[in-house]
Amino acid sequence: FPIFGFAIANTTLVGQSLGEKNYKKAEIYANEGLKISMIVAFVIGILMIIFSRPLACLYSNDPVVIKEAIG
């Protein structure tokens, strides 16, 4: 969900830059927003892989469900 927040904020920045007819600034905002979003998504994905078992245990005590969730 943090990515949706970045998308909304970045849309606002790019839209304001386009409204100012500052196309270079809009391009910079778009590229930087993409980089930040990709880094955040990558870090969250890695954390979910590392902590998959504890996360699955939060939602179920059934060993079969936990095995399916992490596997």
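One structure accompanies this document, and this report is about it. Note that this is a predicted model, so its numbers are computed, not measured.

Calculation notes
- Residues numbered from 1 in each chain as written.
- Predicted model: local features only at pLDDT ≥ 70, side-chain atom pairs only at ≥ 80, totals over all residues.
- Heavy atoms only, no water.
- Salt bridge = Lys/Arg side-chain N within 4 Å of Asp/Glu carboxyl O.
- Buried < 20%, exposed > 50% of the residue type's maximum accessible area, 1.4 Å probe, protein only.
- Helix = DSSP H or I, 4+ residues; strand = E, 2+ residues; numbered from the N terminus.

Here we take up the pattern of salt bridges. Scanning the entire structure with this criterion turns up 2 salt bridges. Glutamate 20 is the salt-bridge partner of lysine 25, the closest N and O atoms lying 3.6 Å from each other. By relative accessible area, which is 31% here, lysine 25 ends up partly exposed. Overall, the relative accessible area of 51% leaves glutamate 20 in the exposed class. In this structure, glutamate 32 and lysine 35 form a salt bridge, with 3.3 Å as the shortest nitrogen-oxygen distance. Here glutamate 32 and its partner lysine 35 are both found in helix α2 (residues 23-50), 3 residues apart, which amounts to about one turn of the helix. When its relative accessible area of 47% is taken as the criterion, lysine 35 is described as partly exposed.

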